[in-house]
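What follows is the residue order along each chain.
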Amino acid sequence: MSHLVLIAAELRELLTAADLEGLDVTWMVAGEPTPRGEFVAIVPLLSRWVGGTELKHLPQLRIIANCAAGYNNVDVVAAEMRNVTVTNTPDVLTDATADLTWTLILACARPLLEGIALIKSGTWAGWHPTELLGLELRGKTLGLVGAGRIGQAVGRRATGFGMRIIYAARTAKPDFETDTGARRVELGPLLHESDVVSLHVPSTPETKGLINSDSLARMKAGAILINTARGDLVREEALAIALENGHLGAAGLDVYADEPAIHPRLLAAPRTVLLPHIGSATGDTRRRMAALALANVRAVLAGQPPLTPVFR
Ligand code: NAP
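About the cut-offs
Residues numbered from 1 in each chain as written. Predicted model: local features only at pLDDT ≥ 70, side-chain atom pairs only at ≥ 80, totals over all residues. Heavy atoms only, no water. Helix = DSSP H or I, 4+ residues; strand = E, 2+ residues; numbered from the N terminus. Rg over C-alpha atoms; globule rule 2.2 N^0.38 Å. Buried < 20%, exposed > 50% of the residue type's maximum accessible area, 1.4 Å probe, protein only. Core = buried A, V, L, I, M, F, W, Y, C linked by side-chain atoms within 4.5 Å. Contact = heavy atoms within 4.5 Å. Near = heavy atom within 4 Å. Polar contact = N/O pair within 3.5 Å; in protein donor to acceptor, adjacent residues only side chain to side chain. Areas by Shrake-Rupley, 256 points an atom, 1.4 Å probe, with all protein chains shown as cover. Nonpolar A, V, L, I, M, F, W, Y, C, P; charged D, E, K, R; others polar. Pairing = 2+ DSSP bridges. Salt bridge = Lys/Arg side-chain N within 4 Å of Asp/Glu carboxyl O.

Focus: the overall build of the protein chain
Point 1. Helix and strand counts for the protein chain stand at 11 helices and 12 strands.
Point 2. Taking 312 residues into account, the globule formula puts the C-alpha radius of gyration at 20 Å, and the protein chain, at 21 Å, falls close to it.
Point 3. Each principal axis of the C-alpha atoms in the protein chain carries an extent, and together these give about 70 × 45 × 35 Å.
Point 4. Looking at the protein chain residue by residue over its 312 residues, the buried ones come to 48%.

Details of the environment of Asp-258
Point 1. Here Asp-258 shows up in the loop between strand S11 (250–253) and helix H10 (264–268).
Point 2. For Asp-258, a relative accessible area of 52% translates into the label exposed.
Point 3. With 13 residues separating them in the primary sequence, Asp-258 and Arg-271 have C-alpha atoms 21 Å apart.

Points about the nonpolar core
Point 1. Counting residues in each nonpolar core, the largest one holds 29 residues, and the members touching the most others are Leu-225 and Leu-239.
Point 2. When contributions to this core are tallied by element, the ones reaching two or more residues are strand S7 (164–168), helix H7 (187–193), strand S9 (196–199), helix H9 (236–244) and S11.
Point 3. When residues in this core are grouped by element, the largest group, five residues, is from H9.
Point 4. Leu-239 has contacts with Leu-216, Leu-225, Val-234, Leu-248, Ala-251, Leu-253 and Leu-266, leaving out every residue within four places of it along the chain.
Point 5. Grouped together as the second largest cluster of nonpolar side chains are 26 residues, Leu-100, Ala-109, Ala-147 and Tyr-167 included.

Looking at the site of the ligand
Point 1. Lining the immediate surroundings of the ligand are 25 residues, of which Ile-150, Arg-170, Thr-171, Lys-173 and Thr-228 lie closest.
Point 2. Lys-173 places a side-chain nitrogen or oxygen 2.4 Å from an oxygen atom of the ligand.
Point 3. At 3.3 Å from an oxygen atom of the ligand is found a side-chain nitrogen or oxygen belonging to His-277.
Point 4. Alone, the ligand offers 930 Å² of accessible surface; in the complex the protein occludes 84% of this.
Point 5. Each residue belonging to the shell around the ligand can be placed in one class, and the counts come to eight nonpolar, 11 polar and six charged.

Points about the sheet that holds S7
Point 1. Strand order in the open sheet made by the seven strands is S8-S7-S6-S9-S10-S11-S12, with parallel pairing throughout. Every interior strand has two partners, whereas the edge strands, strand S8 (183–184) and strand S12 (272–274), have only one.

A word on the pattern of salt bridges
Point 1. Applying the stated rule across the entire model yields 11 salt bridges.
Point 2. Residue Asp-179 is joined to Arg-156 by a salt bridge in which the shortest nitrogen-to-oxygen separation is 2.8 Å. Within this pair, whereas Asp-179 is found in helix H6 (residues 174–180), its partner Arg-156 is found in helix H5 (residues 149–160), the two being separated by 23 residues in sequence.
Point 3. The exposure class of Arg-156 is partly exposed, given its relative accessible area of 35%.
Point 4. The closest approach of N and O atoms between Arg-265 and Glu-244, which form a salt bridge, is 2.9 Å. Of this pair, Arg-265 sits in helix H10 while Glu-244 is found in helix H9, placing the two residues 21 residues apart along the sequence.
Point 5. Take Arg-265: its relative accessible area is 31%, and that puts it in the partly exposed class.
Point 6. Three or more residues are tied together by salt bridges with common partners; here these are Asp-95, Asp-99 and Arg-157.

Function cannot be read off these values alone, since they describe shape.
The following block contains the structure:
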């Protein structure tokens, strides 16, 4: 008997016949409401909200297999109350997202975009000793806000650049500290001491707006802010102001509070490197994310524990 499942249509080309074996799939189209009916599983992207209303219209649902590490698009409390399992796709995207975080760190530390613009404009006048000077990373401090899978992977890469690492997290990470020399500090000192602050906590009611006008004011003059976690961790207008008034050296962002819209003041702010949420965007990683989401669906439908539940 095949199971009725809903899968985001964008995942179609990433999935193999083996991933879909035994499933009767209805493909969900972006921007269209979530179908109703006797579906037992849903595999949404982070752009689709799955909350109380959707759950009410899917009375047979057993699993929400989010195809992302974050799951702030799912009402996990409503799901738990309905006894619906929620899974995400951690681990498989850690390296890709850590690499992209470093892409942003390097592009902010050195005026990469300005250099490219100079070449493309045809106005480059040749090597100049004081032109387009950037920040030397060796000996500088990287502050990780959140040191889970991606935060630690970003920190491990920092040792190759000779950076000192500090991190703020709810729990200590002794292996990470031993391997990298990282030191755990409170958020206040982290903001004060870091030359580069990189965000790696999930979006939750406690972390929303973590970076606001107060926290930006506590950052070192000339420091760089990187966000490859979730857009609503940052108050975007406050960030734009800190860039406009010269307090912040640069900002490298992959995520935004109201994607795909970007706050107009942030879009116009100087010294930004803005990417369109491509942290996990390598072919290998995207295929692994889709396969893991479907592996969670098959496990739950077979009465087995999910591979990567968001809560145990
Ligand atoms: P993770 O392994 O679960 O790590 C999350 C870290 O955040 C943990 O260290 C956790 O602390 C900490 N944390 C959780 N809630 C917190 C809170 N309320 N206050 C302070 N710290 C808190 O997750 P991950 O795989 O590293 O992913 C991190 C986030 O990156 C995801 O949630 C997702 O939103 C985002 N992401 C973005 C992209 C992209 O495309 N740009 C790709 C992948 C992931 P403890 O360890 O102490 O519990």
